[in-house]
Amino acid sequence: MKYKIIIGLSLLLLLIGCNGKSSTSLTSDTISSSNTIWSSSEYSSIELSDFSSSTVSEESSNTTSCNDTISSQISSEVSSLDSSSIQDNNYITSIKECKEKAKQLTSEVNDKNVAESDLMVNIKAKLLARFDAITTKSGYGDRYKLLVVNSEGYIYLKVDVKIYSKLENKIGCYFDIVGNLSLYCGEVELTVSDMPTEINHVDDQYENLYTSKSLRQIYDHLSSIYLNCKGCGYSSLVKFTGKYLATMDDVVLLFSDGDNIIQVHGPKKFKNGLSVGTVYDIYGAMNMYNFKPGIEYIYSKVNTQTSINDYDKSKLNTIENEKIYAIKYENDKNSNYPSYSKQFEELRIYKGYANVYQKDYKYNVVLNDKYNKGVGYDTYTSAKNDKALFIKNESCVGLTDFTFCPFNECVLENVYIEVVVAPYLWNTNKYWQVYVLENSISLISNV
(Lines give C-alpha, C1' and ligand atoms only; values in the text may rest on other atoms or scores of the structure.)
Protein backbone atom coordinates (compact mmCIF):
# COMPACT_ATOMS: atom_id res chain seq x y z
CA MET A 1 0.00 0.00 0.00
CA LYS A 2 2.81 2.46 0.81
CA TYR A 3 4.19 1.94 -2.71
CA LYS A 4 0.84 2.96 -4.26
CA ILE A 5 0.78 6.13 -2.12
CA ILE A 6 4.32 7.08 -3.16
CA ILE A 7 3.54 6.39 -6.82
CA GLY A 8 0.39 8.52 -6.52
CA LEU A 9 2.39 11.42 -5.05
CA SER A 10 4.99 11.07 -7.77
CA LEU A 11 2.28 11.26 -10.44
CA LEU A 12 0.79 14.37 -8.83
CA LEU A 13 4.17 16.16 -8.69
CA LEU A 14 4.92 15.27 -12.27
CA LEU A 15 1.51 16.52 -13.43
CA ILE A 16 2.12 19.85 -11.73
CA GLY A 17 5.45 20.10 -13.53
CA CYS A 18 3.85 19.56 -16.97
CA ASN A 19 1.99 22.32 -18.85
CA GLY A 20 -1.18 22.12 -20.95
CA LYS A 21 -4.28 19.94 -21.19
CA SER A 22 -2.38 17.32 -23.17
CA SER A 23 -0.45 16.47 -19.99
CA THR A 24 -3.62 15.39 -18.19
CA SER A 25 -4.80 13.40 -21.18
CA LEU A 26 -1.50 11.60 -21.64
CA THR A 27 -1.21 10.78 -17.96
CA SER A 28 -4.70 9.28 -18.06
CA ASP A 29 -3.63 7.11 -20.98
CA THR A 30 -0.60 5.95 -19.05
CA ILE A 31 -2.72 4.97 -16.04
CA SER A 32 -5.19 3.18 -18.33
CA SER A 33 -2.34 1.24 -19.91
CA SER A 34 -0.98 0.15 -16.54
CA ASN A 35 -4.43 -1.06 -15.49
CA THR A 36 -4.58 -3.20 -18.62
CA ILE A 37 -1.24 -4.78 -17.71
CA TRP A 38 -2.39 -5.54 -14.20
CA SER A 39 -5.79 -6.96 -15.15
CA SER A 40 -4.24 -9.33 -17.70
CA SER A 41 -2.18 -11.10 -15.02
CA GLU A 42 -3.15 -14.69 -14.13
CA TYR A 43 -2.26 -14.12 -10.52
CA SER A 44 -3.53 -11.73 -7.89
CA SER A 45 -0.11 -10.63 -6.59
CA ILE A 46 1.34 -7.89 -8.83
CA GLU A 47 5.05 -7.13 -8.68
CA LEU A 48 6.14 -3.51 -8.94
CA SER A 49 8.81 -4.68 -11.35
CA ASP A 50 6.04 -5.87 -13.73
CA PHE A 51 4.75 -2.32 -14.02
CA SER A 52 8.26 -0.97 -14.51
CA SER A 53 9.26 -3.53 -17.13
CA SER A 54 6.04 -3.13 -19.12
CA THR A 55 6.26 0.65 -19.11
CA VAL A 56 9.89 0.67 -20.22
CA SER A 57 9.20 -1.78 -23.06
CA GLU A 58 6.56 0.53 -24.51
CA GLU A 59 9.03 3.44 -24.71
CA SER A 60 10.69 2.36 -27.95
CA SER A 61 9.97 5.61 -29.82
CA ASN A 62 12.69 8.25 -30.31
CA THR A 63 10.22 11.13 -29.85
CA THR A 64 10.50 13.34 -26.76
CA SER A 65 6.86 14.09 -26.03
CA CYS A 66 5.62 14.93 -22.53
CA ASN A 67 4.17 11.40 -22.40
CA ASP A 68 7.66 9.96 -22.96
CA THR A 69 9.08 12.11 -20.20
CA ILE A 70 6.33 11.26 -17.71
CA SER A 71 6.47 7.53 -18.49
CA SER A 72 10.24 7.54 -18.23
CA GLN A 73 10.19 9.32 -14.87
CA ILE A 74 7.42 7.11 -13.48
CA SER A 75 9.33 4.01 -14.62
CA SER A 76 12.49 5.33 -12.98
CA GLU A 77 10.61 6.10 -9.76
CA VAL A 78 9.02 2.62 -9.62
CA SER A 79 12.33 0.91 -10.43
CA SER A 80 13.97 2.88 -7.64
CA LEU A 81 11.28 1.83 -5.19
CA ASP A 82 11.52 -1.77 -6.35
CA SER A 83 15.30 -1.83 -5.94
CA SER A 84 15.24 -0.25 -2.49
CA SER A 85 12.56 -2.71 -1.40
CA ILE A 86 14.69 -5.64 -2.51
CA GLN A 87 17.76 -4.18 -0.81
CA ASP A 88 15.82 -3.64 2.40
CA ASN A 89 14.91 -7.32 2.38
CA ASN A 90 18.49 -8.35 1.51
CA TYR A 91 17.55 -10.01 -1.77
CA ILE A 92 20.32 -11.37 -3.97
CA THR A 93 19.76 -9.92 -7.44
CA SER A 94 22.66 -11.44 -9.37
CA ILE A 95 23.24 -14.95 -10.74
CA LYS A 96 26.96 -14.44 -10.14
CA GLU A 97 26.31 -13.60 -6.51
CA CYS A 98 24.06 -16.67 -6.22
CA LYS A 99 26.94 -18.90 -7.26
CA GLU A 100 29.29 -17.18 -4.85
CA LYS A 101 26.88 -17.37 -1.92
CA ALA A 102 26.08 -21.00 -2.70
CA LYS A 103 29.60 -21.97 -1.66
CA GLN A 104 28.43 -21.39 1.90
CA LEU A 105 25.88 -24.19 1.48
CA THR A 106 28.32 -26.96 0.59
CA SER A 107 28.84 -27.81 4.27
CA GLU A 108 25.08 -27.90 4.90
CA VAL A 109 23.96 -30.54 2.41
CA ASN A 110 21.85 -33.46 3.61
CA ASP A 111 22.47 -37.13 2.86
CA LYS A 112 21.03 -36.56 -0.66
CA ASN A 113 23.62 -33.84 -1.38
CA VAL A 114 20.87 -31.19 -1.27
CA ALA A 115 20.81 -27.96 0.75
CA GLU A 116 18.14 -25.28 1.17
CA SER A 117 18.76 -21.78 2.54
CA ASP A 118 16.85 -18.74 3.77
CA LEU A 119 18.74 -16.50 1.33
CA MET A 120 16.17 -14.76 -0.88
CA VAL A 121 16.88 -14.16 -4.57
CA ASN A 122 15.13 -11.97 -7.15
CA ILE A 123 16.40 -12.18 -10.73
CA LYS A 124 15.12 -11.58 -14.23
CA ALA A 125 16.03 -14.30 -16.73
CA LYS A 126 15.05 -16.14 -19.90
CA LEU A 127 13.55 -19.63 -19.71
CA LEU A 128 15.63 -22.04 -21.81
CA ALA A 129 14.42 -25.54 -20.95
CA ARG A 130 12.51 -27.81 -18.57
CA PHE A 131 13.75 -31.03 -16.96
CA ASP A 132 12.33 -33.81 -14.84
CA ALA A 133 14.72 -35.14 -12.20
CA ILE A 134 12.17 -38.00 -11.69
CA THR A 135 13.12 -38.91 -8.13
CA THR A 136 10.40 -38.54 -5.51
CA LYS A 137 12.49 -39.62 -2.53
CA SER A 138 12.39 -37.34 0.50
CA GLY A 139 15.30 -34.98 0.89
CA TYR A 140 15.44 -33.87 -2.74
CA GLY A 141 12.44 -31.52 -2.79
CA ASP A 142 10.34 -31.02 -5.92
CA ARG A 143 11.48 -33.11 -8.88
CA TYR A 144 11.01 -30.52 -11.64
CA LYS A 145 13.70 -28.17 -12.97
CA LEU A 146 13.74 -25.06 -15.14
CA LEU A 147 16.91 -23.73 -16.77
CA VAL A 148 17.08 -19.93 -17.02
CA VAL A 149 19.75 -17.51 -18.20
CA ASN A 150 20.60 -13.82 -18.36
CA SER A 151 23.73 -11.87 -19.30
CA GLU A 152 25.51 -13.07 -16.13
CA GLY A 153 25.07 -16.79 -16.70
CA TYR A 154 22.68 -19.69 -16.18
CA ILE A 155 20.97 -21.11 -13.12
CA TYR A 156 18.45 -23.89 -12.46
CA LEU A 157 15.11 -23.49 -10.69
CA LYS A 158 13.47 -26.18 -8.57
CA VAL A 159 9.69 -25.93 -9.01
CA ASP A 160 6.51 -27.89 -8.36
CA VAL A 161 4.41 -29.59 -11.02
CA LYS A 162 2.00 -26.63 -11.31
CA ILE A 163 4.74 -24.17 -12.28
CA TYR A 164 6.44 -26.78 -14.47
CA SER A 165 3.22 -27.46 -16.39
CA LYS A 166 2.19 -23.81 -16.71
CA LEU A 167 5.50 -22.89 -18.33
CA GLU A 168 5.56 -25.72 -20.88
CA ASN A 169 4.85 -23.35 -23.76
CA LYS A 170 6.88 -20.44 -22.38
CA ILE A 171 10.36 -21.51 -23.51
CA GLY A 172 12.16 -18.37 -24.72
CA CYS A 173 10.13 -15.99 -22.55
CA TYR A 174 11.60 -13.77 -19.82
CA PHE A 175 10.50 -13.86 -16.20
CA ASP A 176 10.83 -12.03 -12.91
CA ILE A 177 11.77 -14.84 -10.52
CA VAL A 178 11.77 -14.95 -6.72
CA GLY A 179 13.13 -17.91 -4.78
CA ASN A 180 15.50 -19.23 -2.15
CA LEU A 181 19.11 -20.11 -2.88
CA SER A 182 19.72 -23.86 -2.80
CA LEU A 183 22.09 -26.64 -3.91
CA TYR A 184 21.14 -29.85 -5.73
CA CYS A 185 23.83 -32.49 -6.21
CA GLY A 186 26.53 -29.86 -6.64
CA GLU A 187 24.52 -27.56 -8.94
CA VAL A 188 23.36 -24.13 -7.75
CA GLU A 189 19.58 -23.68 -7.86
CA LEU A 190 16.77 -21.44 -6.75
CA THR A 191 13.88 -23.14 -4.98
CA VAL A 192 10.87 -21.32 -6.41
CA SER A 193 7.44 -21.63 -4.79
CA ASP A 194 5.55 -18.78 -6.50
CA MET A 195 4.78 -18.61 -10.20
CA PRO A 196 7.42 -16.47 -11.96
CA THR A 197 5.99 -13.33 -13.57
CA GLU A 198 6.43 -12.96 -17.32
CA ILE A 199 8.03 -9.65 -18.31
CA ASN A 200 8.91 -7.80 -21.50
CA HIS A 201 12.58 -8.00 -22.42
CA VAL A 202 14.78 -7.56 -25.48
CA ASP A 203 15.53 -11.10 -26.65
CA ASP A 204 19.09 -12.40 -26.55
CA GLN A 205 20.59 -15.84 -27.23
CA TYR A 206 23.51 -15.17 -24.81
CA GLU A 207 25.77 -17.07 -27.20
CA ASN A 208 28.93 -16.07 -25.32
CA LEU A 209 27.83 -18.16 -22.31
CA TYR A 210 28.11 -21.48 -24.21
CA THR A 211 31.50 -23.22 -23.96
CA SER A 212 32.65 -25.02 -27.13
CA LYS A 213 33.50 -28.69 -26.55
CA SER A 214 33.99 -31.85 -28.56
CA LEU A 215 31.70 -34.76 -27.73
CA ARG A 216 34.66 -36.48 -26.07
CA GLN A 217 35.10 -33.46 -23.77
CA ILE A 218 31.36 -33.43 -23.02
CA TYR A 219 31.44 -37.08 -21.99
CA ASP A 220 34.52 -36.51 -19.81
CA HIS A 221 32.74 -33.63 -18.09
CA LEU A 222 29.50 -35.55 -17.51
CA SER A 223 31.38 -38.47 -16.00
CA SER A 224 32.36 -36.21 -13.09
CA ILE A 225 29.06 -34.55 -12.12
CA TYR A 226 26.99 -35.57 -9.10
CA LEU A 227 23.77 -37.49 -9.77
CA ASN A 228 20.64 -38.12 -7.75
CA CYS A 229 19.55 -41.65 -6.86
CA LYS A 230 17.81 -42.04 -10.24
CA GLY A 231 20.95 -41.12 -12.16
CA CYS A 232 19.84 -37.59 -13.07
CA GLY A 233 22.13 -34.57 -12.98
CA TYR A 234 22.43 -31.22 -14.73
CA SER A 235 25.33 -29.05 -15.72
CA SER A 236 26.54 -26.08 -17.72
CA LEU A 237 25.82 -24.60 -21.15
CA VAL A 238 27.76 -26.06 -24.07
CA LYS A 239 28.15 -25.79 -27.83
CA PHE A 240 29.23 -28.64 -30.10
CA THR A 241 29.32 -29.25 -33.85
CA GLY A 242 27.61 -32.42 -35.05
CA LYS A 243 25.84 -34.07 -37.96
CA TYR A 244 22.18 -34.95 -37.51
CA LEU A 245 22.26 -38.71 -38.14
CA ALA A 246 18.78 -39.89 -37.21
CA THR A 247 15.51 -39.24 -35.39
CA MET A 248 15.28 -41.67 -32.51
CA ASP A 249 11.83 -40.38 -31.56
CA ASP A 250 9.92 -37.08 -31.46
CA VAL A 251 12.07 -35.65 -28.67
CA VAL A 252 15.43 -37.44 -29.08
CA LEU A 253 17.76 -36.89 -32.04
CA LEU A 254 21.09 -38.60 -32.74
CA PHE A 255 24.16 -36.50 -33.63
CA SER A 256 27.76 -37.41 -34.50
CA ASP A 257 30.97 -35.38 -34.63
CA GLY A 258 32.68 -38.07 -36.70
CA ASP A 259 34.21 -39.84 -33.70
CA ASN A 260 31.45 -39.98 -31.10
CA ILE A 261 27.66 -39.84 -31.06
CA ILE A 262 25.31 -38.20 -28.57
CA GLN A 263 21.58 -38.07 -27.97
CA VAL A 264 20.04 -34.60 -28.02
CA HIS A 265 16.74 -34.15 -26.21
CA GLY A 266 14.36 -31.26 -26.81
CA PRO A 267 10.73 -30.14 -26.54
CA LYS A 268 8.00 -31.69 -28.67
CA LYS A 269 8.50 -31.20 -32.42
CA PHE A 270 11.84 -29.41 -32.06
CA LYS A 271 13.11 -31.70 -34.83
CA ASN A 272 10.78 -29.98 -37.31
CA GLY A 273 13.30 -27.18 -37.82
CA LEU A 274 16.21 -29.56 -38.48
CA SER A 275 17.18 -31.77 -41.45
CA VAL A 276 18.78 -35.23 -41.24
CA GLY A 277 22.23 -35.21 -42.82
CA THR A 278 22.93 -31.54 -42.06
CA VAL A 279 25.79 -30.35 -39.83
CA TYR A 280 24.79 -27.99 -37.01
CA ASP A 281 26.29 -26.05 -34.16
CA ILE A 282 24.12 -27.26 -31.29
CA TYR A 283 23.69 -25.01 -28.25
CA GLY A 284 22.43 -26.78 -25.16
CA ALA A 285 22.93 -27.91 -21.58
CA MET A 286 24.85 -31.04 -20.56
CA ASN A 287 22.90 -33.54 -18.48
CA MET A 288 22.52 -37.12 -17.32
CA TYR A 289 19.16 -38.89 -17.29
CA ASN A 290 18.91 -42.37 -15.76
CA PHE A 291 22.71 -42.53 -15.97
CA LYS A 292 22.58 -41.82 -19.71
CA PRO A 293 24.56 -38.76 -20.90
CA GLY A 294 23.01 -36.26 -23.28
CA ILE A 295 22.36 -32.69 -24.31
CA GLU A 296 19.22 -30.67 -23.70
CA TYR A 297 18.62 -28.69 -26.89
CA ILE A 298 18.35 -24.89 -26.64
CA TYR A 299 18.91 -23.72 -30.22
CA SER A 300 21.10 -24.45 -33.26
CA LYS A 301 22.75 -22.95 -36.32
CA VAL A 302 23.58 -24.62 -39.63
CA ASN A 303 27.34 -25.08 -40.00
CA THR A 304 28.41 -25.03 -43.65
CA GLN A 305 32.14 -24.94 -42.88
CA THR A 306 32.43 -28.41 -41.33
CA SER A 307 32.13 -31.76 -43.13
CA ILE A 308 31.33 -34.87 -41.06
CA ASN A 309 31.03 -38.41 -42.42
CA ASP A 310 28.24 -40.66 -41.17
CA TYR A 311 30.48 -43.52 -40.06
CA ASP A 312 33.22 -45.91 -41.14
CA LYS A 313 32.14 -49.52 -40.48
CA SER A 314 35.75 -50.71 -40.36
CA LYS A 315 36.39 -48.53 -37.29
CA LEU A 316 33.33 -49.53 -35.27
CA ASN A 317 33.37 -51.95 -32.34
CA THR A 318 30.82 -54.75 -32.24
CA ILE A 319 27.87 -55.10 -29.88
CA GLU A 320 26.97 -58.57 -28.63
CA ASN A 321 23.77 -59.70 -26.94
CA GLU A 322 25.33 -61.56 -24.04
CA LYS A 323 27.89 -58.90 -23.22
CA ILE A 324 25.63 -55.86 -23.35
CA TYR A 325 22.94 -57.56 -21.23
CA ALA A 326 25.58 -57.81 -18.51
CA ILE A 327 25.76 -53.98 -18.49
CA LYS A 328 22.89 -52.19 -16.78
CA TYR A 329 22.02 -49.83 -13.93
CA GLU A 330 19.83 -49.98 -10.85
CA ASN A 331 17.98 -47.07 -9.30
CA ASP A 332 18.56 -46.13 -5.68
CA LYS A 333 21.73 -48.16 -5.42
CA ASN A 334 25.03 -46.83 -6.81
CA SER A 335 25.94 -43.18 -7.37
CA ASN A 336 27.08 -43.91 -10.92
CA TYR A 337 27.41 -46.69 -13.50
CA PRO A 338 30.33 -45.72 -15.74
CA SER A 339 30.23 -48.91 -17.83
CA TYR A 340 26.58 -48.28 -18.63
CA SER A 341 27.05 -44.56 -19.35
CA LYS A 342 29.88 -45.31 -21.81
CA GLN A 343 27.60 -47.45 -23.99
CA PHE A 344 26.07 -44.36 -25.59
CA GLU A 345 29.26 -42.73 -26.85
CA GLU A 346 29.79 -44.61 -30.13
CA LEU A 347 28.02 -46.34 -32.98
CA ARG A 348 28.41 -50.13 -32.98
CA ILE A 349 28.30 -53.00 -35.49
CA TYR A 350 25.78 -55.77 -34.86
CA LYS A 351 25.92 -59.17 -36.56
CA GLY A 352 23.07 -61.63 -36.21
CA TYR A 353 19.47 -62.35 -37.19
CA ALA A 354 16.21 -60.39 -37.34
CA ASN A 355 13.36 -61.87 -35.32
CA VAL A 356 10.04 -60.63 -33.91
CA TYR A 357 7.92 -60.75 -30.80
CA GLN A 358 4.16 -60.25 -30.65
CA LYS A 359 2.23 -57.73 -28.60
CA ASP A 360 -1.48 -56.96 -29.04
CA TYR A 361 -1.47 -58.95 -32.30
CA LYS A 362 1.27 -56.75 -33.74
CA TYR A 363 4.90 -57.51 -34.49
CA ASN A 364 8.04 -55.86 -33.17
CA VAL A 365 11.51 -56.54 -34.60
CA VAL A 366 14.38 -57.69 -32.38
CA LEU A 367 17.96 -58.76 -33.11
CA ASN A 368 19.44 -61.98 -31.85
CA ASP A 369 22.72 -63.79 -32.38
CA LYS A 370 21.13 -67.14 -33.22
CA TYR A 371 18.59 -68.27 -35.76
CA ASN A 372 15.31 -69.50 -34.22
CA LYS A 373 14.19 -71.60 -37.20
CA GLY A 374 11.61 -69.12 -38.41
CA VAL A 375 9.79 -68.97 -35.06
CA GLY A 376 9.08 -65.61 -33.42
CA TYR A 377 8.63 -64.88 -29.72
CA ASP A 378 5.13 -64.97 -28.24
CA THR A 379 5.87 -62.17 -25.75
CA TYR A 380 8.48 -59.52 -25.09
CA THR A 381 9.43 -61.46 -21.96
CA SER A 382 10.54 -64.49 -23.96
CA ALA A 383 12.56 -62.21 -26.28
CA LYS A 384 14.10 -60.51 -23.25
CA ASN A 385 14.98 -63.84 -21.66
CA ASP A 386 16.79 -64.74 -24.88
CA LYS A 387 18.76 -61.46 -24.56
CA ALA A 388 17.41 -60.03 -27.81
CA LEU A 389 18.10 -56.40 -28.70
CA PHE A 390 14.80 -54.53 -29.08
CA ILE A 391 14.80 -52.16 -32.06
CA LYS A 392 13.58 -48.64 -31.26
CA ASN A 393 12.90 -47.47 -34.85
CA GLU A 394 9.29 -46.57 -35.61
CA SER A 395 9.50 -48.72 -38.76
CA CYS A 396 10.12 -51.81 -36.61
CA VAL A 397 7.46 -51.59 -33.88
CA GLY A 398 3.71 -52.23 -33.84
CA LEU A 399 3.65 -53.77 -37.32
CA THR A 400 0.75 -55.58 -38.98
CA ASP A 401 2.80 -56.13 -42.14
CA PHE A 402 6.46 -55.62 -43.06
CA THR A 403 6.10 -53.64 -46.29
CA PHE A 404 7.94 -50.60 -44.98
CA CYS A 405 10.15 -52.38 -42.48
CA PRO A 406 13.86 -52.22 -43.41
CA PHE A 407 14.19 -55.88 -42.29
CA ASN A 408 11.40 -56.99 -44.63
CA GLU A 409 13.64 -59.37 -46.62
CA CYS A 410 15.37 -61.02 -43.68
CA VAL A 411 13.04 -61.10 -40.68
CA LEU A 412 12.43 -64.69 -39.51
CA GLU A 413 14.72 -65.89 -42.30
CA ASN A 414 17.97 -67.78 -41.98
CA VAL A 415 19.82 -64.68 -43.17
CA TYR A 416 22.92 -63.52 -41.30
CA ILE A 417 23.06 -59.72 -41.41
CA GLU A 418 25.27 -56.81 -40.37
CA VAL A 419 23.86 -53.48 -39.27
CA VAL A 420 25.06 -50.28 -37.57
CA VAL A 421 23.24 -49.47 -34.33
CA ALA A 422 23.29 -46.86 -31.58
CA PRO A 423 22.46 -48.10 -28.05
CA TYR A 424 19.28 -46.31 -26.95
CA LEU A 425 18.77 -47.36 -23.33
CA TRP A 426 18.32 -50.13 -20.79
CA ASN A 427 14.54 -50.22 -20.59
CA THR A 428 12.83 -50.26 -17.20
CA ASN A 429 11.30 -53.60 -18.28
CA LYS A 430 14.85 -55.00 -18.18
CA TYR A 431 15.81 -55.24 -21.84
CA TRP A 432 18.19 -53.36 -24.11
CA GLN A 433 16.89 -51.09 -26.87
CA VAL A 434 18.95 -50.00 -29.87
CA TYR A 435 18.36 -47.64 -32.77
CA VAL A 436 19.25 -49.00 -36.22
CA LEU A 437 20.71 -46.84 -39.00
CA GLU A 438 18.38 -48.26 -41.61
CA ASN A 439 20.58 -47.65 -44.66
CA SER A 440 23.38 -49.72 -43.06
CA ILE A 441 21.70 -53.16 -43.25
CA SER A 442 23.73 -55.60 -45.33
CA LEU A 443 23.71 -59.34 -45.96
CA ILE A 444 26.77 -61.22 -44.75
CA SER A 445 25.81 -64.70 -45.90
CA ASN A 446 22.87 -66.94 -46.67
CA VAL A 447 23.41 -69.92 -44.39
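Residues numbered from 1 in each chain as written. Predicted model: local features only at pLDDT ≥ 70, side-chain atom pairs only at ≥ 80, totals over all residues. Heavy atoms only, no water.

K.L.:
Hey, could you go over the overall build of the protein for me, with residue numbers and the actual values?
P.N.:
Counting its regular elements, the protein contains 10 helices and 19 strands. If you take every contact in the protein between residues at least 6 apart in sequence, the share linking residues at least 24 apart comes to 67%. Working note: accessible area of the protein is about 22,300 Å², and carbon and sulfur atoms make up 47% of it. (Helix = DSSP H or I, 4+ residues; strand = E, 2+ residues; numbered from the N terminus. Contact = heavy atoms within 4.5 Å. Areas by Shrake-Rupley, 256 points an atom, 1.4 Å probe, with all protein chains shown as cover.)

K.L.:
Hey, could you go over the nonpolar core for me, with residue numbers and the actual values?
P.N.:
Formed by 58 residues in total, the largest nonpolar core has its most connected members in Phe255, Val365 and Phe407. With 5 residues, the single largest contributor to this core is strand 17 (residues 415-426). Residue contacts for valine 365: discarding those within four places in its chain leaves Ala354, Asn355, Val356, Phe390, Ile391, Cys396, Leu399, Phe402, Cys405 and Phe407. (Core = buried A, V, L, I, M, F, W, Y, C linked by side-chain atoms within 4.5 Å. Buried < 20%, exposed > 50% of the residue type's maximum accessible area, 1.4 Å probe, protein only.)

K.L.:
Summarise the side chain of lysine 112; cite the residues concerned and give the values.
P.N.:
Locating lysine 112 in the fold gives a position in the loop between helix 5 (95-101) and strand 1 (114-132). A polar contact of 3.4 Å, which involves the side chain of lysine 112, links it to the side chain of aspartate 111. Residues contacting lysine 112, with those up to four places away along its chain left out, are Ser138, Gly139, Tyr140 and Cys185. (Polar contact = N/O pair within 3.5 Å; in protein donor to acceptor, adjacent residues only side chain to side chain.)

K.L.:
Describe unusual backbone geometry, listing the residues and the values that go with them.
P.N.:
The backbone of isoleucine 134 sits at a positive phi, close to 55 degrees, despite the residue not being glycine. One can find isoleucine 134 in the loop between strand 1 and strand 2 (144-150). Its identity is not glycine, yet phenylalanine 291 carries a phi of approximately 70 degrees, on the positive side. Mapped onto the elements, phenylalanine 291 comes out in the loop between strand 11 (279-289) and strand 12 (292-302). Relative accessible area serves as the criterion here: at 0%, phenylalanine 291 is assigned to the buried category.

K.L.:
Please provide a residue-by-residue account of the pairing of strand 2, values included.
P.N.:
Across the 7 residues that make up strand 2, a large majority, 7, are buried. Side chains Tyr144, Leu146, Val148 and Asn150 of strand 2 all project onto a buried face; the interleaved residues Lys145, Leu147 and Val149 project onto the opposite face, where all are buried too. Taken together, the 6 bridges between strand 1 and strand 2 define a ladder with antiparallel strand orientation. When the bridges of strand 2 are listed, alanine 129 appears paired with leucine 147. As paired elements, strand 2 and strand 3 (residues 153-159) share 7 bridges and run antiparallel to each other. (Pairing = 2+ DSSP bridges.)

K.L.:
Break down the side chain of asparagine 287 for me, citing the residues and quoting the values.
P.N.:
For asparagine 287, the position within the fold is in strand 11. Once you skip the residues sitting within four places of it in the chain, asparagine 287 turns out to touch Phe131, Leu222, Gly233, Tyr234, Lys292, Pro293, Gly294, Ile295 and Glu296.

K.L.:
Outline the packing of aromatic side chains, listing residues and values.
P.N.:
Scanning the entire structure with this criterion turns up 26 aromatic pairs. Look at phenylalanine 270 and tyrosine 297: their rings are 4.8 Å apart centre to centre, the planes differ by 45 degrees, and that puts the pair in the tilted class. Residue phenylalanine 270 is located in the loop between strand 10 (261-265) and strand 11, and its partner tyrosine 297 is located in strand 12; the two are separated by 27 residues in the primary sequence. Just as phenylalanine 270 is buried, tyrosine 297 falls in that class too. Through pairs of rings, three or more aromatic residues link up here, namely Phe291, Tyr325, Tyr329, Tyr337, Tyr340, Phe344, Trp426 and Trp432. Over the aromatic face of tyrosine 164 sits the side chain of arginine 130, whose NZ or CZ is 4.0 Å from the ring centroid. (Phe/Tyr/Trp six-rings, centres within 6.5 Å; stacked < 30°, edge-to-face > 60°. Lys NZ or Arg CZ within 6 Å of the ring centre and 35° of its normal.)

K.L.:
Could you give an account of the pattern of salt bridges, with specific residues and numbers?
P.N.:
Scanning the entire structure with this criterion turns up 21 salt bridges. For lysine 301, the salt bridge identified is with glutamate 207, shortest N-O distance 2.7 Å. One end of the pair, lysine 301, is in strand 12; the other, glutamate 207, is in the loop between strand 6 (197-199) and strand 7 (211-212), and 94 residues separate them in sequence. Residues aspartate 332 and lysine 230 are paired through a salt bridge, measuring 3.2 Å at the closest nitrogen-oxygen approach. Separated by 102 residues along the polypeptide, aspartate 332 in the loop between helix 8 (321-325) and helix 9 (338-341) and lysine 230 in the loop between helix 7 (215-222) and strand 8 (233-249) bring together distant segments of the chain. Classification of aspartate 332 by relative accessible area gives partly exposed; the value is 39%. (Salt bridge = Lys/Arg side-chain N within 4 Å of Asp/Glu carboxyl O.)

K.L.:
So what's going on with the confidence of the model for the protein? Residues and values would help.
P.N.:
For the protein, the average pLDDT comes to 84, and 80% of its residues sit at 70 or higher. Note on residues 1-88: pLDDT is under 50 here. Beyond four places in sequence and across chains, it has 64 contacts. (pLDDT = per-residue confidence, 0-100.)

K.L.:
Describe in detail the environment of glutamate 296, supporting the description with residues and values.
P.N.:
The topology assignment puts glutamate 296 in strand 12. Considering only alpha carbons, one finds glutamate 296 and glycine 284, 12 residues apart in sequence, at a separation of 5.3 Å. Leaving out residues up to four positions away in the same chain, glutamate 296 has contacts with Ala129, Arg130, Phe131, His265, Gly266, Tyr283, Gly284, Ala285 and Asn287. Among the polar contacts listed, one links the side chain of glutamate 296 to the side chain of histidine 265, at a separation of 2.8 Å.

K.L.:
A description of the pairing of strand 3 should follow, citing residues and the corresponding values.
P.N.:
Extensive coverage of strand 3 is indicated by the burial of 7 of its 7 residues. Along strand 3, one buried face is formed by Gly153, Ile155, Leu157 and Val159 and the opposite face, lined by Tyr154, Tyr156 and Lys158, is buried too. The hairpin turn running from strand 2 into strand 3, its antiparallel successor, is 2 residues long.

K.L.:
Go over the environment of aspartate 386 with me, naming the residues and quoting the values.
P.N.:
Counting through the fold element by element, aspartate 386 comes out in the loop between helix 10 (380-385) and strand 16 (389-391). In this view, aspartate 386 contacts Asn368, Lys370, Asn372 and Tyr377; residues no more than four positions away in its chain are not counted.

K.L.:
Could you give me a rundown of helix 7, with the residues and numbers involved?
P.N.:
Considered for burial, the residues of helix 7 that qualify are Leu215, Ile218, Tyr219 and Leu222. Down the axis of helix 7, the sector holding all buried residues measures 95 degrees, keeping them to one side. The inward-facing, buried residues of helix 7 contact strand 8, strand 9 (252-256), strand 10, strand 11 and strand 12. (Arc of directions from axis to C-beta.)

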